[in-house]
Amino acid sequence: MIHEAAVFQLADEAAQQAFGLIGPQDMDSELPPLFDMPGADVALPLRQVLAHGAYDEAWIPDMLAGATMDEVGKDTFDGDLLGDDPHAGYARIAERARMAAARVTDRDAVVHCGYGDVPMWDYFWQLNVARSLAAHDVARHLGGESPLTEELAQAMWEGTAPAADMWRSFGIFRAEVPVADDAPWRARFLGLTGRRW
């Protein structure tokens, strides 16, 4: 398994942990925008956040296998993927995604995204950023502790800090929040993304 996929395992587990905090009474609670990029810069009900997370996870095995969206069928994962038990439904989909990630050995293999082809390592960093930030934001929105471990936060900081300006230019990261040089990795990564811890 390549390094980026190992980080994905941690980020995906953190996201699932945060999503597990969403109770029936929370489904209509609106999560502030995760990102400032067009299309992601609106508040969404947690029900929709969870459904979108499942949809995104469902594509991962096929994407990692090198399939195009047309080959899979662009509407294959439309509709309700969560069923009567949203947490169990999400867990099943996420487990398949993590199992597929564990089999990746070529970090330069091509992934056919909807917006174009990217190398495997780049695709994973997109997944990792989305999952890490969603995990933190959802958990904090619900009053819980951030599920970002020091191991995950360090990997995320090391993997994204060199390209932080690029992430900011896309509206994924916000203006950096300064932290002490000896701050915990969680604070350093979240500060890099423009979040407070």
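Not measured: the values here are computed from a predicted model. (Residues numbered from 1 in each chain as written. Predicted model: local features only at pLDDT ≥ 70, side-chain atom pairs only at ≥ 80, totals over all residues. Heavy atoms only, no water.)

What follows concerns the side chain of T160. Locating T160 in the fold gives a position in helix α6 (residues 150–160). Within the structure, T160 has its side chain in polar contact with the backbone oxygen of M156 (distance 2.7 Å). Apart from the residues within four sequence positions on either side, T160 is in contact with W125, V129, W167, F173, F189 and L192. (Helix = DSSP H or I, 4+ residues; strand = E, 2+ residues; numbered from the N terminus. Polar contact = N/O pair within 3.5 Å; in protein donor to acceptor, adjacent residues only side chain to side chain. Contact = heavy atoms within 4.5 Å.)

For the rest of this paragraph, the subject is helix α4 (residues 86–102). In this model, α4 (17 residues) spans 24 Å end to end at C-alpha, consistent with the 24 Å of a helix rising 1.5 Å per residue. Along α4, the residues classified as buried are G89, Y90, I93, A94, A97, R98, A100 and A101. Looking down the long axis of α4, one finds its buried residues gathered within 165° of arc, a one-sided arrangement. Contacts made by the buried residues of α4 are with α1 (3–19), α2 (46–64) and α5 (120–141). (Expected span 1.5 Å × (residues − 1). Buried < 20%, exposed > 50% of the residue type's maximum accessible area, 1.4 Å probe, protein only. Arc of directions from axis to C-beta.)

This part covers the confidence of the model for the chain. Per-chain confidence: the chain averages 95 in pLDDT, with 100% of residues scoring 70 or above. Here helix α3 (residues 69–72) stands out as the least confident element of the chain, with mean pLDDT 91; α6 is the most confident, with 98. (pLDDT = per-residue confidence, 0-100.)

On to α1. Spanning 17 residues, α1 covers 24 Å between terminal C-alpha atoms, matching the ideal 24 Å at 1.5 Å per step. For α1, the set of buried residues is E4, A5, V7, F8, Q9, A11, D12, A14, A15, A18 and F19. Contacts made by the buried residues of α1 are with α2, α4, α5 and α6.

Another aspect to go through is the packing of aromatic side chains. Applying the stated rule across the entire model yields 8 aromatic pairs. A network of ring pairs unites the aromatic residues F8, Y123 and F124 as a single cluster. Residue placement shows R188 over the ring face of W157; its charged tip is 4.5 Å from the ring centre. (Phe/Tyr/Trp six-rings, centres within 6.5 Å; stacked < 30°, edge-to-face > 60°. Lys NZ or Arg CZ within 6 Å of the ring centre and 35° of its normal.)

Below, the discussion takes up the pairing of strand β3 (residues 110–113). Only one face of β3 is buried, namely the one carrying V111 and C113, since none of V110 and H112 on the opposite face is buried. Inspection of the sheet shows β3 paired to strand β4 (residues 116–119) by 4 bridges, in the antiparallel sense. Looking at the pairing, V111 lines up with V118 of β4. Between β3 and β4, which follow one another and run antiparallel, lie 2 residues. (Pairing = 2+ DSSP bridges.)

Time to look at the pattern of salt bridges. One pass over the structure, following the stated rule, counts 13 salt bridges. Between E57 and R131 there is a salt bridge, and its shortest N-O distance comes to 2.7 Å. Taken together, the residues span a long stretch of sequence, with E57 in helix α2 and R131 in helix α5 at a distance of 74 residues. Owing to a relative accessible area of 0%, E57 belongs among the buried residues under this scheme. The class for R131 is buried, based on a relative accessible area of 5%. Several salt bridges converge on common partners, so that one network encompasses D12, D56, E57, E95, R98 and R131. (Salt bridge = Lys/Arg side-chain N within 4 Å of Asp/Glu carboxyl O.)

Following the sequence through the fold, S146 ends up in the loop between α5 and α6. Looking at S146, its side chain comes within polar contact range of the side chain of H136, at 2.9 Å. With sequence-adjacent residues up to four places away left out, S146 is seen in contact with H136, A139, R140 and R186.

A separate point is the packing of α2 against α4. Where α2 meets α4, the closest approach of the two axes is 8 Å, and the angle between their N-to-C directions is 25°. In this view, α2 runs roughly parallel relative to α4, as classed from their interaxial angle. Handedness of the crossing formed by α2 with α4: left-handed. When α2 is examined against α4, the residues L50, G53, A54, E57, A58, I60, P61 and L64 are found in contact with a partner set consisting of P86, Y90, I93, A94, R96, A97, A100 and A101. (Axes fitted to C-alpha atoms, helices over the stretch in contact; angles between N-to-C directions. Parallel < 35°, antiparallel > 145°, perpendicular 65-115°, else oblique. Left-handed = near helix turned anticlockwise from the far one by under 90°.)

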